[in-house]
Amino acid sequence: IEQGEVFLQQTLKRFRHSRDMVREALGNISGVTLYEMPATFYAFLKVDGLANNSQPFILDMIEKSKVGVAPGEAFGEAGCGHLRVCYGTNHTSLAIALERLQTALENR
């Protein structure tokens, strides 16, 4: 609010670019559904084969890929089989994380 409209427009531009990076990296992986992200800095992914407990997959990914995501079931029963990915970071870190996440999802 203190920094005004210029700050707001810069922030929106940065988050839109981040959202586009997520779409490009994760949007076409077989067995993964990426939901639309119209007004957030989180992506919600349905991942075939995760069932009701994504924690083993997430812990394995943290250990092997050094990237973390939130389990979908943490957001209620409807989140089972999903992962939540925050893309509210700098583009350099996001690119590295998305590459690692993409590899982990393709090799699950």
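See the structure shown above.
These numbers come from a predicted model, not from an experiment.

Q: Got a minute to help me understand the pairing of strand β2 (residues 42-47) in this structure?
A: Regular strands place their side chains on alternate faces of the sheet. Because side chains alternate across β2, one face comprises the buried residues A43, L45 and V47, and the other comprises Y42, F44 and K46, none of which is buried. Across three bridges, the pairing between strand β1 (residues 32-34) and β2 is antiparallel. The partner of V32 across the bridge, within β2, is V47. When β2 meets strand β4 (residues 82-86), the two strands line up antiparallel, connected through five bridges. Within β4, the position partnered with F44 by the bridge is R84.

Q: Explain the pairing of β4 here, please?
A: Where strand β3 (residues 70-71) lies against β4, two bridges are found, and the strand directions are antiparallel. Opposite P71, over in β4, you have L83 as the bridge partner.

Q: Hey, could you run me through the sheet that holds β3 in this one?
A: Pairing between the strands of a sheet comes from backbone hydrogen bonds, and it takes one of two forms, parallel or antiparallel. Here we have four strands laid out as an open sheet, ordered β1-β2-β4-β3, and antiparallel in their pairing. Every other strand in the sheet has two partners, leaving β1 and β3 as the edge strands with one partner each. Running at roughly 160° to β1, helix α1 (residues 4-26) makes contact with β1 and β2 of the sheet.

Q: Help me understand the nonpolar core, please; the structure alone is not making it clear to me.
A: What tends to happen in soluble globular proteins is that the nonpolar side chains get buried as a cluster. Within the largest apolar cluster, 24 residues are counted, with the highest numbers of intra-cluster contacts made by L26, L45, L83 and L105. Looking at this core, the elements with two or more residues in it are α1, β2, α2 (55-65), β4 and α3 (91-106). With five residues, α3 is the single largest residue contributor to this core. Among all residues touching L45, those that are not within four sequence positions of it are L26, V32, T33, L34, G81, H82, L83, V85 and L105.

Q: Explanation requested: α1 in the structure shown.
A: Because an α-helix completes one turn every 3.6 residues, residues spaced three or four positions apart along the sequence face the same direction. Here α1 spans 33 Å end to end across 23 residues, near enough to the 33 Å set by a 1.5 Å rise per residue. Those residues of α1 that sit buried are T11, S18, R19, M21, V22, A25 and L26. If you follow the buried residues of α1, they end up packed against β1, β2 and α3.

Q: Which parts of the structure should I look at to understand the packing of aromatic side chains?
A: Geometry of an aromatic ring pair is reported as the spacing of the ring centres plus the angle between the planes. In this structure the tally under the stated criterion is three aromatic pairs. Considering the side-chain rings of F15 and F41, the 5.5 Å spacing of their centres and the 20° angle between planes classify their relative orientation as stacked. Here F41 lies in the loop between β1 and β2 and F15 lies in helix α1, a separation of 26 residues in the sequence. What makes F41 partly exposed here is its relative accessible area of 34%.

Conventions we followed
- Residues numbered from 1 in each chain as written.
- Predicted model: local features only at pLDDT ≥ 70, side-chain atom pairs only at ≥ 80, totals over all residues.
- Heavy atoms only, no water.
- Buried < 20%, exposed > 50% of the residue type's maximum accessible area, 1.4 Å probe, protein only.
- Helix = DSSP H or I, 4+ residues; strand = E, 2+ residues; numbered from the N terminus.
- Pairing = 2+ DSSP bridges.
- Contact = heavy atoms within 4.5 Å.
- Axes fitted to C-alpha atoms, helices over the stretch in contact; angles between N-to-C directions.
- Core = buried A, V, L, I, M, F, W, Y, C linked by side-chain atoms within 4.5 Å.
- Expected span 1.5 Å × (residues − 1).
- Phe/Tyr/Trp six-rings, centres within 6.5 Å; stacked < 30°, edge-to-face > 60°.

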